[in-house]
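Chain residues, written in single-letter form:
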Amino acid sequence: MNAQIWHGHATRKAAVLVGCTALVLGLTGTGSAQAGGRDLAREVLPAGDGWASEGAGTTGGSAADAAHVYTVTTWAGFRQALADGGSAPKIIKVKGVIDAVSEGCDAFAAEGYDFQRYLADYDPAVWGHDTPVSGAQEDLRAASAAAQDQAIKANVPANTTIVGVGKGSGILGGSLQIKGVDNVILRNLTVEAPIDCFPQWDPTDDNRTGAWNSEYDSVVVYGSTHVWIDHNTLTDGRYPDSSLPSYFGKVYQQHDGLLDVVRGADHVTVSWNSFADHDKTMLIGNSDSAGSTDTGKLKVTLHHNRFEGIVERAPRVRFGQVDSYNNHFVVTKGQNYGYVFGIGASSQLYATHNALSLASGVSVGKALKKWNEAPLTAENNYVNGRPTDLIAVHNAEIPGETLQSGAGWTPTLRTKVDSPRAVPGIVDHRAGAGRLR
């Protein structure tokens, strides 16, 4: 068998992989997730802190009894803890770095799958661009992908808090699925985006020039309610897009999103996180045709997050009433840059008091991207320390995509709103894993 070539990734194990394999049940002195004497695992979302504080608020597993508090050091132990006890309140403390793909991509490859043969069979010079790929190697690629899917996804039940212990805990290559549940908290974790070991070549994509399409988001909130995602670091980590090879003239894309909120999910607060070095960062609503599930839902608050090295989708919004304030967006010199806010179907984005730090020559107008006619509110935002009307600048620079002002609603679930002039200093020092205080 000649399995998928993962340009060196297939057999490499993380140097920080924790060797212990036990699932430790119950509270232990070494497993407490504390910061400054606080037990982070027992904390709940403060009242008024964004959309996730609506109604009964978000408490996660804070009420867990001793039998449902776990300290985990392996991916298998983590998934076992998630499954134990159903939807009873639970706290899962991730200690150290746990790796969902510790054995490499070869462990998932179906017998007979040969990546070099895949490339030969579906080379556009042979296959063309008129029909999707099919045949033996595509079937084996799909079987390999199904094996990876089964291994790296972790389903998070209702009434759960997942928290990293200390400053160095996190998850490599796993996909957290918060799907069809209520009341989840995710805090203090460094999450390296999953690598899709077996992307599919679609010759008909990108105006029939072809594209490699990948699966797996780091965190997916799908049809779930009352979710608080706070003080995490989400990044491509060891495998930035710049390290990916190209085949058929297209980047062999192995990443999807960092955080997606989709399919009727509602009442979500995303606060004090660091999102770095990624392309398709965050979708809020994943289809223009999902109005039957998404209309009146997808209420999400984003505040005090840091976005650096992000190409696009910070976020891209469809349908939802999304409140974005006090976030810091950093675009560095020479980076690939598309846009910050994507204005999609029936979206109602309210973006105020944010700070943008743009390298010299970076277009201010591109901070907004119009996909559909959907008015937004964008007031009191600062670019490089100066107040800037993002809509006016966008419309002047890109008159073919004129945006309308006025989202039609005003957020009320906000805590302290900092001056956008102060946001870079505040957010850069406090956002991300290991910075709770």
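What you see is a predicted model, and the numbers here were worked out from it, not measured in a lab.

Conventions adopted
Residues numbered from 1 in each chain as written. Predicted model: local features only at pLDDT ≥ 70, side-chain atom pairs only at ≥ 80, totals over all residues. Heavy atoms only, no water. Helix = DSSP H or I, 4+ residues; strand = E, 2+ residues; numbered from the N terminus. Rg over C-alpha atoms; globule rule 2.2 N^0.38 Å. Buried < 20%, exposed > 50% of the residue type's maximum accessible area, 1.4 Å probe, protein only. Contact = heavy atoms within 4.5 Å. Areas by Shrake-Rupley, 256 points an atom, 1.4 Å probe, with all protein chains shown as cover. Lys, Arg positive; Asp, Glu negative; His and termini not counted. Charge placed at Lys NZ, Arg CZ, Asp CG, Glu CD. Disulfide = S-S within 2.5 Å. Arc of directions from axis to C-beta. Pairing = 2+ DSSP bridges. Axes fitted to C-alpha atoms, helices over the stretch in contact; angles between N-to-C directions. Parallel < 35°, antiparallel > 145°, perpendicular 65-115°, else oblique. Left-handed = near helix turned anticlockwise from the far one by under 90°. Nonpolar A, V, L, I, M, F, W, Y, C, P; charged D, E, K, R; others polar.

Engineer: Any details on the overall build of the protein? Residues and values, ideally.
Structural biologist: The number of helices and strands found in the protein is 8 helices and 35 strands. Taking 437 residues into account, the globule formula puts the C-alpha radius of gyration at 22 Å, and the protein, at 22 Å, falls close to it. Taken across its 437 residues, the protein has 57% of its residues classed as buried. Long-range contacts, defined here as pairs at least 24 residues apart, represent 77% of the contacts in the protein between residues at least 6 apart. Looking at the protein as shown, the accessible area adds up to about 16,400 Å², and 50% of this sits on carbon and sulfur atoms. Side-chain charges in the protein split into 36 positive and 45 negative, and the spacing between the mean points of these groups amounts to 6 Å.

Engineer: Describe the state of the cysteines, with residues and values.
Structural biologist: Across all of its chains, the model carries 1 disulfide by this definition. Between the sulfur of C105 and that of C197 lies a disulfide, 2.0 Å long from S to S. With the S-S dihedral at roughly -75°, the linkage between C105 and C197 falls on the left-handed side. One end of the pair, C105, is in the loop between strand 6 (97-99) and helix 2 (115-122); the other, C197, is in the loop between strand 12 (190-192) and strand 13 (200-202), with 92 residues separating them in the sequence. Take C105 and C197: they sit in the same class, and that class is buried.

Engineer: Describe helix 1 (residues 75-83), with residues and values.
Structural biologist: Among the residues making up helix 1, those that are buried are W75, G77, F78, A81 and L82. Buried residues of helix 1, seen end-on, are gathered within an arc of 160° and therefore sit on one face of the element. Away from its buried face by more than 90 degrees, helix 1 exposes A76 and A83. Downstream of helix 1 by a residue or two, G85 has a phi angle that is positive, lying close to 80°.

Engineer: Before we move on, can you summarise the sheet that holds strand 6 with the specific residues and values?
Structural biologist: One open sheet holds the 10 strands; their spatial order is 6-9-12-17-22-25-28-31-34-35, and the pairing between them is mixed. The open sheet is flanked by strand 6 and strand 35 (386-388), the only strands paired with a single partner. Adjacent strand axes in the sheet meet at a mean angle of 25°, parallel and antiparallel pairs treated alike. Taken together, the 3 bridges between strand 9 (residues 170-172) and strand 12 define a ladder with parallel strand orientation. Across the sheet, residue G170 finds its bridge partner in strand 12, namely T190. This element, helix 8 (residues 423-430), spans strand 25 (306-312), strand 28 (328-331) and strand 31 (355-358) of the sheet and lies at about 90° to strand 28.

Engineer: Which residues make up the pairing of strand 28, and what are the values?
Structural biologist: On a regular strand, each side chain points to the face opposite its neighbour's, so the side chains alternate between the two faces of the sheet. Neither face of strand 28 is left uncovered, since the one carrying H328 and V330 and the one carrying F329 and V331 both have all their residues buried. Note that strand 25 and strand 28 share 3 bridges and pair parallel. Pairing of E308 across the sheet is with V330, part of strand 28.

Engineer: Please set out the packing of helix 2 against helix 4 (residues 136-152) residue by residue, giving values where relevant.
Structural biologist: Following both chains from N to C, one finds helix 2 and helix 4 inclined at 135°, their axes separated by 9 Å at the closest point. The angle between helix 2 and helix 4 places the two elements in the oblique class. Pair helix 2 / helix 4 crosses with left-handed handedness. Residues R117, Y118, D121 and Y122 of helix 2 form the contact with helix 4, whose participating residues are A136, Q137, E138 and R141. Residues of the contact of helix 2 with helix 4, tallied by class, amount to 3 nonpolar, 1 polar and 4 charged.

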